[in-house]
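Letter by letter, the chains look like this.
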Amino acid sequence: MTCFKLPKSLYKRIQSALTRFWWDSKHGIKKMCWVTWNQLTCSKKDGGLGFGDIESFNDALLAKISWNLGKAIGNGESTNIWYDSWLSSTEPLTPTGPPTEASKDLKVSDLIEEQSKDWNTDKINELFPDLLSTIKAIKPSKTLVCDSHIWLATKSGNYSTKTGYHLSVIDKARPTTREPNSTSFCWNSLVWQGNFSPKMKTFLWKIIKGALPTGENLSKRGFQAAGPCLRCGEMETAEHLFLHCSYTKKIWDLLPFSMNPRISDRQSFIAGLQAGHRAVCLPPTGITSGPLFPWVCWQIWRACNALSFEIRISEEETMIKAIVSARDWQTAQIKVDTKGSTSGKVLHSLPTDTVEIFSDAAWKEDLRASGSEWIINRNSSTIHQGSDFNGNVSSPLVGEALAVRSALEHAARLGFTKISLKSDCQTLINAITRKESIKECFGILGDIENLISQFQFVFFSLVSRTANSLAVSLAKNALACTPTSL
Ligand SMILES: [Zn+2]
């Protein structure tokens, strides 16, 4: 597929195989396809399942050949200064040549000082003085992370055919069902990235896309007997089933929520899901993270299916099953990796001698500079703090990454082995804990990963800007005091 355009008949056969695989539970038994192929191929954030539309995918692969790949700088050793695109993380930029005979084989590492692992200003000025500030905004790795190929069209820089593919598929599919209007509904935060099991995610997707065999959906497809709720006789819509039936109402009232997701009698499922996302589950349920809402819907659905076999499950029982299944899943998510650093989201207590580190950065666009600050606390009192100033910083995110790298370097140097690091930068925390790449911070993130491996225990978490306020104000001071040291 990378080199040849496939015949149309073959696309159709691959498509059909994918569709059957998704909807049929057993080989050979055909089930109803509830959602059209064009909708399945939409990206997940647009409410599809991100299935490959084979023809578009083929086009994307073909186009890939001509796309430019860039290089992200770690130690600079595998990147040629003239022929690789390394000057920008968004467009294919190389220095304007022609190279001299003496410089044609130079690598980016030849522009980096061996001791400081920072740029050799004299050498850069000698070769291309006009590029000094562009080059200084690239932060090479201090821990010898290797250079990497990046794809210039994504934020992560990960090499993928996805972006091109989405451009090609977007005109083909426009949602047709009664759906959340896509501008206000965030598929990613409410469904795909929710802190609940993949099964719950698909289940929510089916409810929203009208792909769950509720009475309403079945009767729309010509099942005459279907329609009314088995409990009360009203039309069995998703709203009725999951929010408004008297049976369901009682469950929502029983649950120990800080706010009831069932706000009014005419509320839509989407509004219920959004309210459920914000609701906090009060003790003593033991639900420490993630919404309970999908689990409750799932158990309501199971109770409804059981009822069609005349098995009655009480409201209390359904509620307890929802809490237990949510708690079991959340407990299973606590993962300690081989190095002993914990990156799981659910954590009940930290090891006793863990120190807390708050880090923050303040960035000034006009100076293209950032101030970093870190504070190390033990038992809530500050035992160390420090700050530094960085020039040639291209974005606030790079500033935050530099602040975390400095904080880790200092904590390691001071001999701490167990740390809990808090930052208010979500993108960065996600990148570190999920090992996602961000191409503009490539070298710094590589260093952070190497530094983490030196600790016995590391826990990263997001902290609100107000809770991090001391570090925030100190970072601003670091920025305000030091421009002279540029
Ligand atoms: Zn009912």
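As a reminder, the structure under discussion sits directly above these lines.
First, a word on what this report is: a plain description of the structure on this page. (Residues numbered from 1 in each chain as written. Predicted model: local features only at pLDDT ≥ 70, side-chain atom pairs only at ≥ 80, totals over all residues. Heavy atoms only, no water.)

What follows concerns a negative patch on the surface. On the surface, Glu113, Asp118, Asp122 and Glu126 cluster together into a negatively charged patch. Here Glu126 lies in helix α4 (residues 121-127). (Patch = residues over 30% accessible without salt bridge, like charges linked within 9 Å, V, L, I, M, F, W, Y side chains within 5 Å. Areas by Shrake-Rupley, 256 points an atom, 1.4 Å probe, with all protein chains shown as cover. Salt bridge = Lys/Arg side-chain N within 4 Å of Asp/Glu carboxyl O. Lys, Arg positive; Asp, Glu negative; His and termini not counted. Charge placed at Lys NZ, Arg CZ, Asp CG, Glu CD. Helix = DSSP H or I, 4+ residues; strand = E, 2+ residues; numbered from the N terminus.)

Time to look at the pattern of salt bridges. Across all of its chains, the model carries eight salt bridges by this definition. A salt bridge links Glu101 to Lys104; the shortest N-O distance between them is 3.6 Å. Given the relative accessible area of 64%, Glu101 is considered exposed. Residue Lys104 is classed as partly exposed on the basis of its relative accessible area, which comes to 28%. One salt bridge in this structure joins Lys250 and Glu316, with 3.6 Å as the shortest N-O distance. In this pair, Lys250 sits in helix α11 (residues 246-254) while Glu316 sits in helix α14 (residues 315-332), placing the two residues 66 residues apart along the sequence. Looking at Lys250, the relative accessible area reads 37%, which means it is partly exposed. (Buried < 20%, exposed > 50% of the residue type's maximum accessible area, 1.4 Å probe, protein only.)

Time to look at the coordination of the zinc ion. Donor atoms from the polypeptide that bind the zinc ion are Cys229 (SG), Cys232 (SG), His240 (NE2) and Cys245 (SG), placed at 2.1 to 2.3 Å. Here the zinc ion is ringed by four donor atoms whose angles at the metal span 93 to 125°, and the overall shape comes out tetrahedral. Read in sequence order, the donor residues coordinating the zinc ion give the pattern C-x2-C-x7-H-x4-C. Relative accessible area serves as the criterion here: at 7%, Cys229 is assigned to the buried category. (Donors = N, O, S within 2.8 Å, 3.2 Å for Na, K, Ca; no water. Tetrahedral: all angles 85-135°; square planar, octahedral: opposite > 155°, others 65-115°.)

What follows concerns helix α12 (residues 269-278). Buried within α12 we find Phe269, Ile270, Gly272, Leu273, Ala275 and Gly276. Packed against the buried residues of α12 are α7 (187-192), α8 (198-208), α10 (238-244) and α13 (293-307). (Contact = heavy atoms within 4.5 Å.)

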